[in-house]
Amino acid sequence: MMNGDAGILYVVATPIGNLSDLSERARQTLAEADLVLCEDTRQTARLLSAFGLSVPTRSFHAHNERKMQQWVIDRLCAGSSIALVSDAGTPLISDPGYPLVREARRRGLRVSPIPGPSAVIAALSVSGLPADRFSFEGFLPSQSGRRRNALEKLANEPRTLIFYESSHRIAACLKDMADLLDPDREIVICREMTKLHETFFFGPLGAAREFVDSADDQKKGEFVIVVDGRRDADHEWEKACALLDRLGAVLPAKEASRIAAETFSVSRNRLYRRIAEASAKE
């Protein structure tokens, strides 16, 4: 039940590079807000200044969002209109804000989206890869071991995969991808989208690292990586399930899962869960 006397929390998308991408509705919302919550007040101050706006700002980032949450809720309950922004793009997408939005919803406060730029959707829209089903994975782990483990778990994912990556890890990330995914799989590297030095790489994963290593410029800026899903994954899964059903009649579940997984290069845990779920229904 909405509280009619309370303020509104606006979740406002801001440009990912080109300031012309700020919508008129977003500009007006920021102009009329009592307060703007932002990751970096300096970054947001530059955005507000570019549009001649003078609005109070307050830091709201990964390190203080839990501490700030009740203060923000109290302001909303008192009738303040508050705009939540990230440094660039749509808030909450690999950025702070989820606990606040969830709590505001729980309290019956109004939360209103002001849609606009999103690096994830912008990259997907120009990738030329299937866009009907995709999985956004955010930033991969910074340590190589954990990153490789995460990629190994995604190797058989049939959906298009989308990642964020930083400039100082892009080369190492591409090396791990080339090691653990099919080197012929298509990849699109989107660098500095909508900015002056925007570049794109379209090609096989095996050639992607060479492209990034070809010039120092290609290791600078902000990156979105779009990777084609495993096209034969659905077919391999179906064959693995068929073998699992036959083996399950004569072998223990763990052994049947192991053999089927190794035969068709699919997830052993996923196969084992299939057996467990089937048993639970019996």
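Just above, that's the structure.
The notes below deal with the structure included here. Residue numbers run consecutively from 1 along every chain, following the written order of its sequence. Owing to the predicted nature of the model, reporting of local features is limited to residues with pLDDT of at least 70; listing and counting of side-chain atom pairs is limited to 80 or more, with chain, interface and lining totals taken over all residues. Side-chain measures here rest on the full set of heavy atoms in the structure, leaving out hydrogens and waters.

## Description of the pairing of strand β2 (residues 35-38)
For the exposure calls, accessible area comes from a 1.4 Å probe over protein chains only, and a residue counts as buried if that area is under 20% of its type's maximum, exposed if over 50%, partly exposed in between. The helix and strand labels rest on DSSP assignments: H or I over at least four residues marks a helix, E over at least two residues marks a strand, and numbering proceeds from the N terminus. Of the two faces of β2, the one carrying L35 and L37 and the one carrying V36 and C38 are both buried. Across three bridges, β2 lies against strand β4 (residues 82-84) in parallel orientation. Each residue of the ladder has a partner; that of L37, found in β4, is L84. In this view, the connection linking β2 to its parallel neighbour strand β3 (residues 57-59) by way of helix α2 (residues 41-50) has right-handed handedness. For two strands to be treated as a pair, DSSP must find at least two bridges joining them. With the strands pointing away from the viewer, any crossover whose connection runs clockwise from the first strand over the helix to the second is right-handed.

## A look at helix α7 (residues 170-180)
Those residues of α7 that sit buried are I170, A171, C173, L174, D176 and M177. Note on definitions: a residue-residue contact is assigned when non-hydrogen atoms from the two residues lie within 4.5 Å. Taken together, the buried residues of α7 touch α6 (144-154), β7 (160-165), β8 (186-191), α8 (205-213) and β10 (223-227).

## A look at the sheet that holds β10
Strands sit in the order β6-β7-β10-β8-β9 across an open sheet of five strands; the sheet is mixed. Every interior strand has two partners, whereas the edge strands, β6 (134-139) and β9 (199-204), have only one. Geometrically, the sheet is characterised by an average inter-axis angle of 15° between neighbouring strands, direction not taken into account. Sheet analysis places β8 next to β10, joined by five bridges and oriented antiparallel. From the neighbouring strand, V188 faces β10, where its bridge partner is V226. Between N-to-C directions, angles cover 0 to 180 degrees, with each direction set by a line fitted to C-alpha atoms, over the stretch in contact for helices. Docked against the sheet, α8 engages β8 and β9, running at close to 145° with respect to β9.

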